[in-house]
Amino acid sequence: MNFLSRTPSWIGHHVAAVRVVIVLTVVLGLAYPLAMTAIAQVPGLRDDARGRTSLIGQSFLDEKGDPIPYYFQPRPSNAGTGYDASASAAGNLGPESTVDVLGPDGRQSLLTQVCARSRAVGELEHVDGSRPYCTSDGVGAVLGVFRDGGTTGKATRVVSLDQACPAKPFLAAYEGVTVTCAKPGEDYGAAVVTPVRGDAPAHPEVPADAVTASASGLDPQISPAYALLQTPRIARERGMGEAAVDQLVRKYTTGRALGILGEPAVNVVQLNAALDRTHPVKGA
């Protein structure tokens, strides 16, 4: 009888486990990292692997937090105070977020955030910033309708939930009942939440990516449509022809990944850097 036949089974199990650990350490701890490092040096991947600031969006705002007019503006960001790489995050609000929490410790719904941003972009670009379910003063067009049957029946009281007093309600009356503004701190939980579409165009002039943040809050890209909307302002502020701005926009536009995934996008960070090189603003 040899030695191995007399070895307890638990020793064999431990030997096998040690072998597995050694193999995995060599493969995953040495071979795989070295292979990935080598692949990252392939031309076309090298800059991305080393990290480029153009891969992370940034805000182009002045000291007051207002858009700098001679820069293309990115999409909104929920990463920290905006494009904070250490706080990458989304807003985590969905389509049912339509009612604001009013008062000193208030919180805007996703709908009001979208409405306010669309109104601001419209003013900056001198276009119609209106969109469905938004009031003209940039909050959600949402009514709280109290009915004599609870959720059904005749309307007995109607409140514009996102317009705090003394704001003028966006509708004078609803179902024959005068609409009043909302009072911060008052409980409207018994009301039926009723968004009102209004007469805004079905396809707003302000694109969706101009009023919504990306999932990471760090993406530097905007849609070609949003870039096109901003082109007249950039041309005016930098003393350029719109055709020259369009040419730069096209240069920094990427197509669909593999030709089928995603949508074309414009890298705002690269585009603004190119504008500063080719058409700097005096005194900026």
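Higher on the page you've got the structure.
A short tour of the structure in this document, coming up. Keep in mind it's a predicted model, so treat the numbers as computed, not measured. (Residues numbered from 1 in each chain as written. Predicted model: local features only at pLDDT ≥ 70, side-chain atom pairs only at ≥ 80, totals over all residues. Heavy atoms only, no water.)

## What to know about the overall build of the protein chain
Alright, step 1. Looking only at helices and strands, the protein chain features seven helices and eight strands.
Alright, step 2. Taking the principal axes of the C-alpha coordinates as reference, the protein chain spans close to 100 × 60 × 35 Å.
Alright, step 3. A burial count over the protein chain gives 34% of its 284 residues as buried.
Alright, step 4. Long-range contacts, defined as pairs at least 24 residues apart, comprise 56% of the intrachain contacts of the protein chain with a sequence gap of at least 6. (Helix = DSSP H or I, 4+ residues; strand = E, 2+ residues; numbered from the N terminus. Buried < 20%, exposed > 50% of the residue type's maximum accessible area, 1.4 Å probe, protein only. Contact = heavy atoms within 4.5 Å.)

## Considering the pattern of salt bridges
Alright, step 1. Here the structure, examined in full by the defined rule, presents six salt bridges.
Alright, step 2. With its nearest N and O atoms 3.0 Å apart, the salt bridge here joins glutamate 175 to arginine 147. Placement of the pair is glutamate 175 in the loop between β3 (173–174) and β4 (177–182) and arginine 147 in strand β1 (residues 142–147), with a sequence separation of 28 residues.
Alright, step 3. Two residues, arginine 238 and aspartate 276, come together in a salt bridge whose shortest N-O distance is 2.9 Å. In this pair, arginine 238 is assigned in helix α5 (residues 224–238) and aspartate 276 in helix α7 (residues 268–278), connecting sequence segments 38 residues apart.
Alright, step 4. Owing to a relative accessible area of 32%, aspartate 276 belongs among the partly exposed residues under this scheme. (Salt bridge = Lys/Arg side-chain N within 4 Å of Asp/Glu carboxyl O.)

## Digging into the pairing of strand β2 (residues 155–164)
Alright, step 1. Within β2, seven of the ten residues are buried, which leaves it mostly tucked inside the rest of the structure.
Alright, step 2. As defined by bridge partners, β1 adjoins β2 across five bridges and the pair is classed as antiparallel. Following the sheet pairing, leucine 143 is matched in β2 by serine 160.
Alright, step 3. The pairing of β2 with β4 spans four bridges and is parallel. From the neighbouring strand, serine 160 faces β4, where its bridge partner is cysteine 181. (Pairing = 2+ DSSP bridges.)

## Thoughts on the sheet that holds strand β8 (residues 265–267)
Alright, step 1. One open sheet holds the three strands; their spatial order is β6-β8-β7, and the pairing between them is antiparallel. In the strand order of this sheet, the two ends are held by β6 (221–222) and β7 (253–254), each with one partner.
Alright, step 2. Sheet topology note: the β7/β8 ladder contains two bridges and is antiparallel. In the sheet register, threonine 253 faces β8, and the bridge partner there is valine 266.

## Concerning the packing of helix α4 (residues 110–125) against α5
Alright, step 1. One way to put it is that α4 packs onto α5 with a least axis distance of 9 Å and a crossing angle of 40°. If you check the angle between α4 and α5, you find them oblique. Contacts from Val121, Leu124 and Glu125 of α4 reach α5 at Tyr226, Leu229, Gln230 and Arg233.
Alright, step 2. For the contact of α4 with α5, the per-class residue count stands at four nonpolar, one polar and two charged. (Axes fitted to C-alpha atoms, helices over the stretch in contact; angles between N-to-C directions. Parallel < 35°, antiparallel > 145°, perpendicular 65-115°, else oblique. Nonpolar A, V, L, I, M, F, W, Y, C, P; charged D, E, K, R; others polar.)

## Comments concerning unusual backbone geometry
Alright, step 1. Residue proline 166 follows cysteine 165 across a cis peptide bond; omega there is 10°.
Alright, step 2. For proline 166, the position within the fold is in the loop between β2 and β3.
Alright, step 3. Residues other than glycine seldom take positive phi values, yet asparagine 92 does so here, at roughly 60°.
Alright, step 4. Relative to the helices and strands, asparagine 92 is located in the loop between α3 (46–50) and α4.

## Points about the nonpolar core
Looking at soluble globular proteins, one finds that nonpolar side chains tend to be buried together.
Alright, step 1. Phe72, Val245, Leu248, Val249 and Leu271 are the most contacted members of the largest nonpolar core, which has 26 residues in total.
Alright, step 2. Going through the elements one at a time, α4, α5, α6 (242–251) and α7 are the ones with two or more residues in this core.
Alright, step 3. In terms of residue count, the dominant contributor to this core is α5 (five residues).
Alright, step 4. Among the nonpolar cores identified, the runner-up in size contains ten residues, and Leu111, Cys115, Val142 and Phe146 belong to it. (Core = buried A, V, L, I, M, F, W, Y, C linked by side-chain atoms within 4.5 Å.)

## Section: the side chain of glutamine 163
Alright, step 1. For glutamine 163, the position within the fold is in strand β2.
Alright, step 2. A polar atom in the side chain of glutamine 163 sits 3.3 Å from the backbone oxygen of lysine 168.
Alright, step 3. Of the polar contacts made by the side chain of glutamine 163, one reaches the backbone nitrogen of phenylalanine 170; its length is 2.9 Å.
Alright, step 4. Beyond its immediate chain neighbours, meaning those up to four positions away, glutamine 163 contacts Thr135, Asp137, Val139, Lys168, Pro169, Phe170, Cys181 and Ala182. (Polar contact = N/O pair within 3.5 Å; in protein donor to acceptor, adjacent residues only side chain to side chain.)

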